[in-house]
Amino acid sequence: MSVLELTSSVKSFGGQQQRFKHQSKVLNCEMNVSVFVPPQVEQNKPLPVVYWLSGLTCTDENFVTKAGAARVAAELGLIIVCSDTSPRGDNVADDDGYDLGQGAGFYVNATQPPWNSHYYMYDYIVDELPDLINQSFNCIPKVALAGHSMGGHGALTIGLSNIQKYTSISAFAPIVNPLDCPWGKKALHAYLGDDVSEWEQYDACKLLQQQGQFLQIPILIDQGLNDDFYQSQKLTKPFDELAQKLKYPAIVNYHSGYDHSYFFIASFIEEHLRFHHKFLTATD
């Protein structure tokens, strides 16, 4: 198993904002990951962890520099792990479009060439990266999952498919029905091929429909109503409507005037971190 190699560390709100690199066996390339380590690490007790999945074109650093999450994470004693959004490197397949290839892994396991040589972001997020984090930090067993846009799609699909691993899920302006939106159709066709039935495991609406009456996990979603992609990519609303139909207790908030940017995320990230902290620290 590879190890995390520290490449930078700066003090922030009493904790450390760190960046690591490692060789990923799953993705067959070198990867970067950013980790906020709160000051409570000095108490030598297991800490709760929130994994953050970013959106199209982002790296592991967008959330770190733009979300303004460190103050609340330091207060609550949360480790925040920010993965990259795809495999990277000169030998990794790419595309001219911003919505496919490097920066656009869509958190799936690709089955089609040339993508299936590297693009296994689902396995990376579910298994390999947590193993590395647990090897390097003292963490409680269950973790929380959050994300934005494409990363919101990743958080919802991964969380709903692995309820035993996660305490809670949250998302900002998530892609919820990739089977029926331009971004999703392009990516899933490229990574998974022509058989639409293979796409369904990566569609949050399909997953909710299949299990929502039987298996449930706390979900929080925030959506800006001035988001340029809200209508064109069918963000949030189809999932919200289905959750209401199934009487699934998801919390979905709509915000007038907010767009798709990190200004929106920074405005509400505190609520998301406190939401996750509630479930991460709950006692049975």
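Residues numbered from 1 in each chain as written. Predicted model: local features only at pLDDT ≥ 70, side-chain atom pairs only at ≥ 80, totals over all residues. Heavy atoms only, no water.

Quick notes on the environment of alanine 250
Counted only if it meets this: Only runs of H or I of at least four residues qualify as helices and only runs of E of at least two qualify as strands under DSSP, and these elements are numbered from the N terminus. The criterion used for residue contact is that any of the two residues' heavy atoms lie within 4.5 Å.
Along the polypeptide, alanine 250 turns up in the loop between helix H7 (237-246) and strand E9 (251-255). In the structure, alanine 250 is positioned 29 residues away from isoleucine 221 in sequence and 7.7 Å away in space, judged by C-alpha atoms. Not counting residues up to four positions away in its chain, the partners in contact with alanine 250 are Ile219 and Ala243.

Remarks on the packing of helix H6 (residues 204-211) against H7
Condition: Think of each axis as a best-fit line through the C-alpha atoms, taken over the contacting stretch in the case of a helix, with angles from 0 to 180 degrees between the N-to-C directions. Geometric relationships in this document are graded by angle, where less than 35 degrees denotes roughly parallel, more than 145 denotes roughly antiparallel, 65 to 115 denotes roughly perpendicular, and other angles denote oblique. Side-chain classes are defined by residue name, with Ala, Val, Leu, Ile, Met, Phe, Trp, Tyr, Cys and Pro counting as nonpolar, Asp, Glu, Lys and Arg as charged, and the others, Gly among them, as polar.
The geometry of H6 relative to H7 is characterised by a closest axis approach of 10 Å and an angle of 5° between their N-to-C directions. As far as their axial angle goes, H7 and H6 are roughly parallel. Taking contact as the criterion, the partners of Ala204, Cys205, Leu208 and Gln209 in H6 are, on H7, Pro238, Phe239, Leu242, Ala243 and Leu246. In terms of residue class, the contact of H6 with H7 is built from eight nonpolar, one polar and no charged.

Focus on the nonpolar core
How we decide: Residues belong to one nonpolar core when they are buried, are Ala, Val, Leu, Ile, Met, Phe, Trp, Tyr or Cys, and are joined through side-chain atoms within 4.5 Å. Exposure is judged per residue with a 1.4 Å probe applied to protein chains only, and the accessible area is read against the type maximum: over 50% gives exposed, under 20% gives buried, and values in between give partly exposed.
Residues Tyr191 and Phe239 are the most contacted members of the largest nonpolar core, which totals 74 residues. If you tally residues by element for this core, the top one is helix H3 (residues 121-136), at eight residues. Dropping the residues within four chain positions of it, tyrosine 191 is found in contact with Leu100, Gly101, Ala104, Gly105, Phe106, Val108, Ala110, Thr111, Gln112, Trp115 and Tyr119. If you look at the next biggest cluster of nonpolar residues, it comprises 26 residues, including Ala67, Val72, Ile80 and Ala146.

Focus on unusual backbone geometry
That bond from proline 113 to proline 114 is cis: its omega, -5°, falls within 30 degrees of zero. Assignment of secondary structure puts proline 114 in the loop between strand E5 (79-83) and H3. Despite not being glycine, lysine 247 has its phi angle at roughly 60°, a positive value. Classification of lysine 247 by relative accessible area gives exposed; the value is 71%.

Some thoughts on the sheet that holds strand E7 (residues 166-172)
Counted only if it meets this: Strand pairing is assigned whenever DSSP detects at least two bridges linking the two strands.
The strand order across the open sheet formed by nine strands is E1-E2-E3-E5-E4-E6-E7-E8-E9, and the pairing between neighbours is mixed. The open sheet has two edge strands with one neighbour each: strand E1 (5-12) and E9. Adjacent strand axes in the sheet meet at a mean angle of 15° when their direction is disregarded. In this sheet, strand E6 (residues 143-148) lies alongside strand E4 (residues 49-53) in parallel orientation, the contact comprising four bridges. By the bridge assignment, valine 50 is partnered in E6 with alanine 144. Docked against the sheet, helix H8 (residues 262-280) engages E4, E5, E6, E7, strand E8 (219-224) and E9, running at close to 165° with respect to E7.

A closer look at the layout of surface pockets
Stated precisely, the cut-off is as follows: Grid points spaced at 1 Å over the protein atoms alone were grouped into cavities, where a 1.4 Å probe fits but cannot get out, and pockets, open sets with protein on both sides within 12 Å along at least five of seven lines, with lining residues defined by an atom within 4 Å of a point. Grid points are joined across faces, edges and corners, and a volume is the space filled by probe spheres set on the points.
Taken as a whole, the largest pocket spans an internal volume of roughly 290 Å³. Along its surface, the largest pocket is lined by 20 residues, and Val10, Gln17, Gln18, Val64 and Thr65 are the ones closest to its centre. Listing elements by their share of the lining of the largest pocket, those giving two or more residues are E1, strand E2 (15-24), strand E3 (29-37), helix H1 (62-66), helix H2 (70-76) and E5. Ranked by the residues each element gives to the lining of the largest pocket, the list is headed by E1, at four residues. For the lining of the largest pocket, a count of residues per class yields nine nonpolar, eight polar and three charged. Empty space within the second largest pocket amounts to approximately 230 Å³. Of the residues assigned to the lining of the second largest pocket, the class counts are six nonpolar, seven polar and one charged.

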